[in-house]
2 protein chains.
Amino acid sequence: MKCRRCKAPAVIDIRRHNAAFCADCFLHHTREQVRRAVDEFEMIAPGERVLVAVSGGKDSLALWDLLAELGIPADGLYLGLGIGDYSDESGRHARAFADARGLHLIEVDLRERYGYDVPTAAAATRRAPCGACGLSKRHLFNQFALDGEYDVVATGHNLDDEAAVLLGNVLHWEVGYLGRQFPVLPASTGFARKVKPLVKLGEREMAAYCVLRGIDYQIEECPMAVGNRHLGLKETLNQLEDRSPGAKAAFLSGFWNRGHDAFASEADEERAELRACVECGAPTTAERCAFCALRAKAGAHEPVVARVELRGAS
Amino acid sequence: MKCRRCKAPAVIDIRRHNAAFCADCFLHHTREQVRRAVDEFEMIAPGERVLVAVSGGKDSLALWDLLAELGIPADGLYLGLGIGDYSDESGRHARAFADARGLHLIEVDLRERYGYDVPTAAAATRRAPCGACGLSKRHLFNQFALDGEYDVVATGHNLDDEAAVLLGNVLHWEVGYLGRQFPVLPASTGFARKVKPLVKLGEREMAAYCVLRGIDYQIEECPMAVGNRHLGLKETLNQLEDRSPGAKAAFLSGFWNRGHDAFASEADEERAELRACVECGAPTTAERCAFCALRAKAGAHEPVVARVELRGAS
């Protein structure tokens, strides 16, 4: 197996590209895929302030690294979710990465600052923990971006993540979610722009990138996510990919090119119904936003954190 | 396990309905599902002339039987596809069913009347045989309906068929196909109305219905379809259904209720581009329709069958 680019012995093959690469050319290929995604979807303009959502896993650390390699400076935001050893170790990986590179990592502990953590919230809502966790992350990454005057929040969602979310949205015809699922979500009142620069790269490629770049990351799956629906959908897609290499990428890019527009008006309609949360001012369709409702359910007694305080954090 | 309706011992359980039925109540349930589909989607009005697409398999024979049970008279159309013993036996089942019930079955042999058969066409096009077969069936069922002055063509597509087709269309974002995938497709210039009264019933239920009603049908899968993409997609959906009973029905009904409309304009646009085939007059976007092109490729030398001759067949 030889490198497609330089004919040296290859270290990784990518079936859907029908190609193999040596280490250097794989790193070049990976950067190119990110550069293309950023350009194609006009994710980040020169000079914009970028906030990377950092979990300590392979995707977010590789993303931070890749943006730096492409000359796009970014700060990181790490949320301490309070999931025991798993969170402790994830935090250590994020911190070590930032320290070694002299990058600015904002750290926020849910329990300290907001009076709850993910296990408590999950128990209180009696729902899958991933729901409470995703809600907290979406709310806080957006809030910190707005208050820290970042132009854009970059997340490490890769091709496999996006394809699994898309399959879930399609199986339930969640037309509002379909209208909002895209590699770039423009800023609107109360929302910073969201971008996913890794959408052209698979999970396996992200792991290989970290190994080849010497990035230490949290290898464990989150213990609270074991057996969740999202992982089941990834399995389903992997089977389709095995039968027909490229199926996942075609599913995603077909959606971006031909499917998404059909649902754009659904998302517009939902946006039109938004008003400010009576407690924290975040956009919501209810009186109190889902984040404030979750905090209350999870027993957080502290007053709502005001925007002015958040601003100081960044 | 007791029958949900009459508490007698049950003979079949249907997980997605969380219900079990005795033989009589299962037959009643099955008829009700068809009646509801016919009513909900306004498939067939009283007094309309119905043509059932009959293959000799469980779905089409059960459909013909169910329509009769619901007081909806229908003729059948059987196409001899020329797939060796498989076709011979399928034809015998269709004939025996019609004869035993005194129903009118129109029989048309592709080779005799159109100068080709499915294996020849598949070899000539070097594509999956299911493509040539589906194309031939769609064209001829429509043509015979128009020429025989039937109001509607009813096909035996069941819930599993429709869900697998939907998954395939979604994985490739075939937006034109998505715009046309619905339990009822209204008549338009050159097209008879198409309806699928079995969309609320699964494959397993159709087999059970035939067994309980004493309907002998072609049990074999078509030998030319072995390993095709459609069967792979059914497997994928069966795995999702195992993990989450009702997933298939929710996928389909969600599409009907929330997804389909988003693609309706795509189908309209495609319809606007249609003109008459120079050879047979059928609607097509090309000069010659796909059916006439297929016949020519498959070496059919006979002149195109005129409409007036087709009319005599019904």
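Reading guide: rules and limits
Residues numbered from 1 in each chain as written. Chains lettered and ligands numbered in written order. Predicted model: local features only at pLDDT ≥ 70, side-chain atom pairs only at ≥ 80, totals over all residues. Heavy atoms only, no water. Least-squares fit on C-alpha atoms with pLDDT ≥ 70 in both. Helix = DSSP H or I, 4+ residues; strand = E, 2+ residues; numbered from the N terminus. Buried < 20%, exposed > 50% of the residue type's maximum accessible area, 1.4 Å probe, protein only. Patch = residues over 30% accessible without salt bridge, like charges linked within 9 Å, V, L, I, M, F, W, Y side chains within 5 Å. Areas by Shrake-Rupley, 256 points an atom, 1.4 Å probe, with all protein chains shown as cover. Salt bridge = Lys/Arg side-chain N within 4 Å of Asp/Glu carboxyl O. Lys, Arg positive; Asp, Glu negative; His and termini not counted. Charge placed at Lys NZ, Arg CZ, Asp CG, Glu CD. Contact = heavy atoms within 4.5 Å. Buried area = accessible area lost by both parts, 1.4 Å probe. Polar contact = N/O pair within 3.5 Å; in protein donor to acceptor, adjacent residues only side chain to side chain. Nonpolar A, V, L, I, M, F, W, Y, C, P; charged D, E, K, R; others polar. pLDDT = per-residue confidence, 0-100. Pairing = 2+ DSSP bridges. Axes fitted to C-alpha atoms, helices over the stretch in contact; angles between N-to-C directions. Right-handed = clockwise from strand over helix to strand, strands pointing away. Parallel < 35°, antiparallel > 145°, perpendicular 65-115°, else oblique. Left-handed = near helix turned anticlockwise from the far one by under 90°.

*Asks:* I would appreciate a short explanation of the relation of the copies chain B and chain A in the present structure.
*Replies:* One copy of the chain maps onto the second through a rotation about an axis and a displacement along it. For these two chains of identical sequence, chain B goes onto chain A by a turn of 180° and a shift of 0.0 Å along the axis, with RMSD 0.0 Å. The two molecules are tied by a two-fold rotation axis, judged by turn and shift. Relative to the rotation axis, the C-alpha of B:Ala262 is the closest in chain B, positioned 2.6 Å from it.

*Asks:* Where do I start with unusual backbone geometry in this structure?
*Replies:* What is expected of a backbone is that most residues other than glycine have negative phi and most peptide bonds are trans. A positive phi angle, close to 55°, is found at A:Glu149, a residue other than glycine. Tracing the sequence through the fold places A:Glu149 in the loop between helix H6 (129-147) and strand E6 (152-154). Look at A:Glu149 and you get exposed, because its relative accessible area is 54%. The phi dihedral of B:Trp173 is positive, around 45°, even though this residue is not glycine. Structurally, B:Trp173 can be placed in the loop between helix H7 (159-171) and helix H8 (175-180). Among the residues examined, B:Trp173 registers a relative accessible area of 1% and is labelled buried.

*Asks:* Got a minute to help me understand a positive patch on the surface in this structure?
*Replies:* A cluster of like positive charges, contributed by A:Lys2, A:Arg4, A:Lys7 and A:Arg36, occupies part of the molecular surface. Inspection of the secondary structure puts A:Arg36 in helix H1 (residues 23-40).

*Asks:* Got a minute to help me understand the interface of chain B and chain A in this structure?
*Replies:* For an interface, size is often stated in terms of accessible area lost upon the parts coming together. Between chain B and chain A, the contact holds 22 residues from the first and 22 residues from the second. Both sides together, the interface formed by chain B and chain A hides about 1800 Å², and carbon and sulfur atoms give 66% of it. When the buried area of chain B at its contact with chain A is split by residue, B:Leu171, B:Trp173 and B:Arg258 rank highest and sum to 35% of it. The interface formed by chain B and chain A contains 0 salt bridges. Joining chain B to chain A, the criterion identifies 10 residue pairs in polar contact (both at pLDDT 80 or more). Of all the secondary structure elements, the ones that give two or more residues to the side of chain B that touches chain A are H7, helix H10 (229-243) and helix H11 (247-259) of chain B. Sort the elements by how many residues they give to the side of chain B that touches chain A and H10(B) lands first, with 7 residues. Partitioned by chemical class, the residues of the side of chain B that touches chain A number 13 nonpolar, 6 polar and 3 charged.

*Asks:* In this structure, what is going on with the confidence of the model for chain A? I would like to understand it.
*Replies:* The predicted coordinates of low-pLDDT regions are not to be read in fine detail. Residue and element names in this part refer to chain A. On average, residues of chain A score 93 in pLDDT, and 96% of them are at 70 or above. Scored below 50 in pLDDT, residues 306-314 shows 22 contacts in the model against residues more than four places distant or in partner chains. Overall fold confidence (pTM) sits at 0.91, and the ipTM for the predicted complex is 0.88.

*Asks:* What am I meant to see in the sheet that holds strand E5 (residues 105-109) of chain B here?
*Replies:* In a beta sheet, neighbouring strands pair by backbone hydrogen bonds and run either parallel or antiparallel. All names here are of chain B. The strand order across the open sheet formed by 6 strands is E5-E4-E3-E6-E8-E7, and the pairing between neighbours is mixed. With one partner strand each, in any of the chains shown, E5 and strand E7 (184-185) form the two edges of the open sheet. Pairing of strand E6 (residues 152-154) with strand E8 (residues 193-195), which is carried by 3 bridges, proceeds in the parallel orientation. Looking at E8, one finds that Ala154 is bridged to Val195. Most of the contacts of helix H2 (residues 58-69) go to strand E3 (residues 50-54), to which it runs at about 155°, and overall it touches E3, strand E4 (74-80), E5 and E6. Along the sheet face, helix H6 (residues 129-147) touches E3, E4, E5, E6 and E8 and points at about 140° away from the line of E4.

*Asks:* Any chance you could explain the pairing of strand E4 (residues 74-80) of chain A here in plain terms?
*Replies:* Consecutive side chains of a regular strand alternate in pointing toward one face of the sheet and then the other. All names here are of chain A. Buried residues dominate E4, accounting for 7 of its 7 residues. Two elements, strand E3 (residues 50-54) and E4, share 5 bridges in a ladder whose sense is parallel. If you follow Ala53 over to E4, its bridge partner there is Leu77. For the crossover from E3 across helix H2 (residues 58-69) to E4, the handedness is right-handed. As paired elements, E4 and strand E5 (residues 105-109) share 5 bridges and run parallel to each other. If you follow Tyr78 over to E5, its bridge partner there is Glu107. Traced from E4 through helix H3 (residues 84-101) to E5, the parallel crossover comes out right-handed.

*Asks:* Where do I start with the pairing of E3(B) in this structure?
*Replies:* Residues and elements named next belong to chain B. Of all 5 residues in E3, 5 are buried, a share of seventy percent or more. Judged from the 3 bridges that link them, E3 and E6 form a sheet pairing that is parallel. Along E6, the bridge assignment pairs Leu51 with Val153.

*Asks:* Teacher, can you tell me more about the pattern of salt bridges here?
*Replies:* Side chains carrying opposite charge are able to pair once their charged atoms draw close together. Counted according to the given criterion, the structure contains 41 salt bridges over all chains. Between A:Lys196 and A:Glu162 there is a salt bridge, with its nearest N and O atoms 3.1 Å apart. One end of the pair, A:Lys196, is in the loop between strand E8 (193-195) and helix H9 (203-213); the other, A:Glu162, is in helix H7 (residues 159-171), with 34 residues separating them in the sequence. Just as A:Lys196 is buried, A:Glu162 falls in that class too. In this structure, B:Arg213 and B:Asp65 form a salt bridge, with 2.8 Å as the shortest nitrogen-oxygen distance. Here B:Arg213, found in helix H9 (residues 203-213), pairs with B:Asp65, found in helix H2; they are 148 residues apart in sequence, far enough to count as distant. On the accessibility criterion, B:Asp65 (3% relative accessible area) is buried. Members of the salt-bridge network, linked through shared partners, are A:Arg31, A:Asp65, A:Glu69, A:Arg101 and A:Arg213.

*Asks:* Help me out: how do you make sense of the packing of H2(A) against H3(A) in this one?
*Replies:* Relative orientation and spacing of two packed helices are given, respectively, by the angle between their axes and the distance between those axes. Residues and elements named next belong to chain A. Following both chains from N to C, one finds H2 and H3 inclined at 15°, their axes separated by 11 Å at the closest point. Taken together, the axes of H2 and H3 lie roughly parallel to each other. In terms of crossing hand, the pair formed by H2 and H3 is right-handed. On H3, the residues that touch Leu61, Trp64 and Asp65 of H2 are His93, Ala94, Phe97, Ala98 and Arg101.

*Asks:* Would you take a moment to explain the side chain of B:Glu48 for this structure?
*Replies:* Residues and elements named next belong to chain B. With respect to the helices and strands, Glu48 occurs in the loop between helix H1 (23-40) and E3. One polar contact links Glu48 to Arg193, side chain to side chain, over a distance of 2.8 Å. The contact partners of Glu48, leaving out residues within four places of it in the chain, are Met43, Asp151 and Arg193.

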